[in-house]
Amino acid sequence: MPRVIQRVLPQLLTLAALMALVSVFFPDFLEITYSDGRLVGPVIDILKRGAPVALLAIGMTLVIATRGIDLSVGATMAICGACSAWAISAGYGLAGALGFAMLAGLAAGLWNGALVAVFGIQPIVATLILMTAGRGVAQLITEGRILTFNHEGLAFFGSGDILGVPMPTLIWVLLGVLVALLVRRTALGLLIEAIGINRRASTLAGINSRVLLIAVYMASGFCAAWAGIVATADIRGADANNSGLWLELDAILAVVIGGNSLLGGRFSIAASLLGAMIIQTIDTGILLAGFPSEFNLVIKAALVLVILVLQSPNLAPRFARIARRRRGTPAAGKLTTREAGE
Amino acid sequence: MIKTLLATAAAVSFGAAAASAQTVGFSQIGSESGWRAAETTLTRQQAEERGIDLKFSDAQQRQENQISAMRSFIAQGVDAILLAPVVATGWDSVLEEAQEAEIPVVLLDRQVDSSEDLYLTAVGSDLVHEGEVAGQWLVDNVGDEECRVVELQGTTGSSPAIKRKQGFENAIEGSDNIEIVRSQTGDFTRTGGKEVMESFLQAEDGGGNICALFAHNDDMAIGAIQAMKEAGVNPGEDVKVVSIDGVPDIFRAMADGDANATVELTPNMAGPAFDALNAYWEDGTTPPKFIQTESRLYTQEDDPEAEYEARKDLGY
């Protein structure tokens, strides 16, 4: 089995189990039809609706790998969405809208990165500042109202599709693949992990940890910018009060469900993206199942709890041992250590 | 000391009452939403039309700011105070101070837990009634046909969500042909409305089984309209859309034929408040303790384009 598949196997199994569970309550869950030149079905909805959290999770994985955390991504989404809607209404065109949004995201990341890497403020506190203030900044841009626009080009990023695949899905898959290639085909990923495991040691070993940390937070801001563009394009308006509200927590959850440690070090972007899809499957599944809305959060919490317990470092090897014993294969100590290392 | 101050304030207020221009202090919650901004704009407009000198204070969502603003209004000896209270409790002492200074207080939009004697009147909307107006419109429009309704609720547990749902259910109670088949929360947001509507469409045969949509606010309806358009369903015709609030964008949607009706939660709470105050100043008429604003129904026949133009600059 290729290493990548082996790494994301628990997440794939979880996703498959969840889909089976939702199918029990909503039998047509896996049905995908092709109508009016676009794919339609609950699974497609999940791939599309999960885009903001998936995008945030890409950046969040990198930040968490450095032993940091970025609480400001939800607010950054709101700022970037507001920037793109403002730019399009002010007549800067599509390139201007995307450009301003990405610049705003990078600037937010630079701010966070500087606070963390230069001033040495703890990441949770440093990014909390922008989390609180960012929504205010977004409201200043939109003047407190929902800034709507009528521009098919920008709306395409939210509701358009290419070859039947929704545009938001393409964006997160593309960005995920690009970032994964960037960190895995170069030494960048290794350096990020090194900082997360021991920043001081890696600095002594010659890594410019300050620049790298700032770059990682800027990457997170960049991902948040795209999440903001997708969310804004989706409703054809920038809603500064609600865009990306609490999504930073979903993004962190996606990273955790992806099996990445909040203590930094080894990371897998593919696993985080699967984590984001797991969260969205839960959300969409609850909506499709038709339970009263009072149950939404309880069901979500219960499912997340089960998933995290099954993946917990104390229980997971035990489950694996039991499974092996059932199958009658001799317990191979080597395999266990290798799994623990993965 | 305080007593002398209050006595002076009262004396000043009587003096001012004798003069032609009345002075009214307005303690606004803050600018939490577009509706609130529109309320502020309209209060200023209404005051200007009536030649009232309005002193405005923005409390930025904090009760202590509102209390200190009211104390400063009392000290300035205004002729009346408009208060949009941020929370329901903790107003007794400052309302008593206003009463001692013989300054009438009118509550806007929200209520307080204090004794009714402490304020002149409260102006507000009845949330249950809003739901009833929306439900009644649907009852009048579907006739005897079988109608499967999907409902987009507000934030679970919030009082507008509970009361608007209750009102709508009251209105359709007698009609066995109308049934709410799916009901989920869209958190009062456009994104929420769109996402939940997408799942409704999936669950109800691509929208073919849905006859009407009731959304607890206009923003969710606007999100749902987009979801329907993208799924190839024709909102306004295939699925009737009725919602509550009357924000400018829903009038645009009605002008385009995408939405059918909205029940207005008027931001003009100040108009009825000033009317009541005028009557009180002139001959001491005491208004009822609760003045309910009209929950007016707007449909596509009510020239939505003009309504949109009239509202778009109010700050929504």
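Throughout, a residue's number is its position along its own chain's written sequence, starting from 1. Starting at A for chains and at 1 for ligands, labels are handed out in the order in which the entities are written. The predicted origin of the model limits local features to residues at a pLDDT of at least 70 and limits the giving and counting of side-chain atom pairs to 80 or more, whereas totals for whole chains, interfaces and linings rest on all residues. Working from all heavy atoms in the structure, the side-chain values ignore hydrogens and water.

Draft legend 1. Examining the overall build of chain A more closely. Segments assigned H or I by DSSP are reported as helices when at least four residues long, segments assigned E as strands when at least two residues long, and all are numbered from the N terminus. Of the regular secondary structure elements, chain A holds 16 helices and six strands. Against the compact-globule benchmark of 20 Å for 342 residues, chain A has a radius of gyration of 21 Å, which places it among compact chains. Oriented by its inertia axes, the alpha-carbon framework of chain A measures out at about 70 × 55 × 35 Å. For chain A, restricting intrachain contacts to residue pairs at least 6 apart in sequence, the fraction spanning at least 24 positions comes to 75%. We take the radius of gyration over the C-alpha atoms and set the globule estimate at 2.2 Å times the residue count to the 0.38 power. The criterion used for residue contact is that any of the two residues' heavy atoms lie within 4.5 Å.

Draft legend 2. Structural view of the packing of aromatic side chains. Between 30 and 60 degrees the pair is tilted, below 30 it is stacked and above 60 it is edge-to-face, where a pair is any two Phe, Tyr or Trp rings, Trp via its six-membered ring, whose centres lie within 6.5 Å. One pass over the structure, following the stated rule, counts eight aromatic pairs over all chains. Judged by centre distance (5.9 Å) and plane angle (45°), the rings of Phe157(A) and Trp226(A) are tilted. Within this pair, whereas Phe157(A) is found in helix H7 (residues 152-159), its partner Trp226(A) is found in helix H11 (residues 209-235), the two being separated by 69 residues in sequence. The burial state of Phe157(A) is the same as that of Trp226(A); both residues are buried. Centroid distance Phe168(B) to Phe214(B): 4.0 Å. Interplanar angle 5°. Geometry classified as stacked. Residue burial is assigned from relative accessible area. The probe radius is 1.4 Å, only protein chains are included, and a residue is buried under 20% of its type maximum, exposed over 50%, and partly exposed in between.

Draft legend 3. Quick peek at the pairing of strand E9 (residues 240-245) of chain B. Residues and elements named next belong to chain B. Of all the six residues making up E9, five are buried; the element is thus mostly covered by neighbouring parts of the structure. Once the chain exits strand E8 (residues 212-215) it traverses helix H8 (residues 218-230) before rejoining the sheet at E9, and the crossover so formed is right-handed. When DSSP locates at least two bridges between a pair of strands, those strands are taken to pair. Bridging between E9 and strand E10 (residues 261-264) involves four bridges; their strand directions are parallel. Paired with Ser243 across the strands is Thr262, a residue of E10. Note on the crossover from E9 through helix H9 (residues 248-255) to E10: the handedness is right-handed. A crossover counts as right-handed when, viewed with the strands pointing away from the observer, the path leading from the first strand over the helix to the second turns clockwise.

Draft legend 4. Fine view of the pattern of salt bridges. One speaks of a salt bridge when a side-chain nitrogen belonging to Lys or Arg is within 4 Å of a carboxyl oxygen belonging to Asp or Glu. All chains considered together, the criterion is met by 29 salt bridges over all chains. The residue Asp161(A) makes a salt bridge to Arg38(A) at a minimum N-O spacing of 3.7 Å. Of this pair, Asp161(A) sits in strand E4 (residues 161-162) while Arg38(A) sits in strand E2 (residues 38-40), placing them 123 residues apart in sequence. Between Glu264(B) and Arg311(B) there is a salt bridge, with its nearest N and O atoms 2.6 Å apart. Taken together, the positions of Glu264(B) in strand E10 and Arg311(B) in helix H11 (residues 304-311) put the pair 47 residues apart, joining distant regions of the chain. Among the residues examined, Arg311(B) registers a relative accessible area of 7% and is labelled buried. Shared partners join several salt bridges into a network, and the residues in it are Lys48(A), Arg49(A), Asp234(A), Lys194(B), Glu198(B) and Glu230(B).

Draft legend 5. Just the packing of helix H4 (residues 73-89) of chain A against helix H6 (residues 123-142) of chain A, in detail. Residue and element names in this part refer to chain A. Note on definitions: angles span 0 to 180 degrees between N-to-C directions of axes, and those axes are lines fitted to C-alpha atoms, for helices only across the stretch in contact. Between H4 and H6, the shortest axis-to-axis distance is 7 Å and the interhelical angle comes to 15°. By the angle between their directions, the pair H4 and H6 is classed as roughly parallel. Two packed elements cross with a definite hand, and for H4 against H6 that hand is left-handed. Taken together, the residues of H6 that come into contact with H4 (itself represented by Gly74, Ala75, Thr76, Ala78, Ile79, Ala82, Cys83 and Trp86) are Leu130, Met131, Gly134, Arg135, Val137, Ala138, Ile141 and Thr142. Ten residue types, Ala, Val, Leu, Ile, Met, Phe, Trp, Tyr, Cys and Pro, are classed as nonpolar, four, Asp, Glu, Lys and Arg, as charged, and the remainder, Gly among them, as polar. Taken together, the residues of the contact of H4 with H6 break down into 11 nonpolar, four polar and one charged. With respect to orientation, any angle under 35 degrees is reported as roughly parallel, any angle over 145 as roughly antiparallel, any angle of 65 to 115 as roughly perpendicular, and every other angle as oblique. If you view the pair so one helix is near and one far, a crossing is left-handed when the near helix is turned anticlockwise from the far one by less than a right angle, and right-handed when it is turned clockwise.

Draft legend 6. Looking closely at the sheet that holds strand E3 (residues 80-83) of chain B. All names here are of chain B. Taken in spatial order, the six strands line up as E2-E1-E3-E4-E5-E11 in an open sheet, and their pairing is parallel. Looking along the sheet, the strands with just one partner apiece sit at the ends: strand E2 (53-58) and strand E11 (290-292). Strand-to-strand twist in this sheet, taken as the mean axis angle between neighbours without regard to direction, amounts to 20°. Where strand E1 (residues 23-28) and E2 come together, six bridges link them in parallel fashion. Bridge pairing in E2 links Thr23 to Asp53.

Draft legend 7. Geometry of the state of the cysteines. Cysteine sulfurs are considered disulfide-paired once they come within 2.5 Å of each other. This model, assessed by the stated rule, comprises one disulfide over all chains. Across the disulfide from Cys147(B) sits Cys211(B); the S-S distance is 1.9 Å. Around the S-S axis, the bridge from Cys147(B) to Cys211(B) shows a dihedral of about -80° and counts as left-handed. Taken together, the positions of Cys147(B) in strand E6 (residues 147-153) and Cys211(B) in the loop between helix H7 (190-203) and E8 put the pair 64 residues apart, joining distant regions of the chain. Judged by its relative accessible area of 18%, Cys211(B) falls in the buried class. No disulfide involves Cys80(A); its sulfur sits 6.1 Å from that of Cys83(A), the nearest cysteine. For Cys83(A), a relative accessible area of 12% puts it in the buried group.

Draft legend 8. Geometry of helix H5 (residues 127-142) of chain B. All names here are of chain B. Counted at 1.5 Å a residue, the expected span for H5 with its 16 residues is 22 Å, and the 23 Å between its end C-alpha atoms agrees. Taken residue by residue, H5 has Leu127, Val128, Glu130, Gly131, Val133, Ala134, Gly135, Trp137, Leu138, Val139 and Val142 as its buried positions. As used in this structure description, the phrase polar contact means that two N or O atoms lie within 3.5 Å; if the pair is within protein, one of them must be able to donate a hydrogen and the other to accept it, and residues adjacent in sequence are counted only when both atoms belong to side chains. Between the side-chain oxygen of the N-cap and the backbone nitrogen of Val128 there are 3.0 Å, and the N-cap of H5 in question is Asp126. Residue Gly143 follows H5 closely and has a positive phi angle near 65°. Helix span, as expected, comes to 1.5 Å for every residue beyond the first.

Draft legend 9. Highlighting the interface of chain B and chain A. Of the residues lining the interface, 25 residues belong to chain B; the matching set on chain A comes to 29 residues. Buried area: the accessible area, evaluated with a 1.4 Å probe, that two parts lose upon being put together, summed over both parts. Here chain B packs against chain A, burying approximately 2,300 Å² in sum over the two surfaces, 45% of which is carbon and sulfur. When the buried surface of chain B facing chain A is broken down by residue, Gln184(B), Gln202(B) and Glu230(B) rank first, second and third, together holding 25% of it. Between chain B and chain A we count four salt bridges in total. In this structure, the salt-bridge partner of Lys48(A) is Glu230(B), at a minimum N-O distance of 3.6 Å.

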